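Next come the chains, spelled out residue by residue.
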Amino acid sequence: MTEPTNNKLGWMLDNALQMPETLHAILLSADGLLMAHSQTISRDDADRHAAAMSGLQALARSTAEFCGGEISGWQQTVNEFAGGYVFLVAAGPGAYLAVSATDRVDMEAVSFRLQELVQRLGKELTSPPRQGIGSRA
């Protein structure tokens, strides 16, 4: 697969997939735009899934009241299917990380690894303030 030029964080997602039974990983913005993807998924498929994951995250946030929480308190959603799981986690301000896995995956280990990855991604997604912007002598 050809890697897009704007997939500079793809290597971090590939690293997350070194766990047994994980399949694909994508990083997306809150509005469903693809930010990065693992090598295991094509750019077109990653774009399509990023849009779907954005909707899934919005739906999950809107149900937070059901368990007495605030909408802004959403952290993670796990969906189970006959053949596997989709993990969707908050990855920083306006960014989400989605990973798919087979039904044989160690769910606890994946959740832990994703939280580690979110910490690393947070550092990459946060850019330092520019110096000298907005001040004139």
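Right above here is the structure, for reference.
A. Fine view of the layout of surface pockets. The calculated volume of the largest pocket comes to roughly 210 Å³. Lining the largest pocket are 14 residues, and of these Ile26, His49, Met53, Val86 and Ser100 sit closest to its centre. For the lining of the largest pocket, the secondary-structure elements that each account for two or more residues are strand E1 (22–29), helix H2 (43–62), strand E3 (76–81) and strand E5 (95–102). Considering each element in turn, the lining of the largest pocket owes the most residues, four residues, to H2. Taken together, the residues that form the lining of the largest pocket break down as ten nonpolar, four polar and no charged.

B. Representation of the pattern of salt bridges in the model. What the rule picks out here adds up to four salt bridges. Here Arg43 ties to Asp47 by a salt bridge, and the two come within 3.3 Å at their closest N and O atoms. In this pair, Arg43 and Asp47 are both assigned in helix H2, four residues apart and thus about one turn of the helix distant. What emerges from the salt-bridge pattern is a single network uniting Glu21, Asp103 and Arg104.

Each value, and the rule that gives it
Residues numbered from 1 in each chain as written. Predicted model: local features only at pLDDT ≥ 70, side-chain atom pairs only at ≥ 80, totals over all residues. Heavy atoms only, no water. 1 Å grid on protein atoms, 1.4 Å probe; cavity = no way out; pocket = protein on both sides within 12 Å on 5 of 7 lines; lining within 4 Å. Points joined across faces, edges and corners; volume = space filled by probe spheres on them. Helix = DSSP H or I, 4+ residues; strand = E, 2+ residues; numbered from the N terminus. Nonpolar A, V, L, I, M, F, W, Y, C, P; charged D, E, K, R; others polar. Salt bridge = Lys/Arg side-chain N within 4 Å of Asp/Glu carboxyl O.

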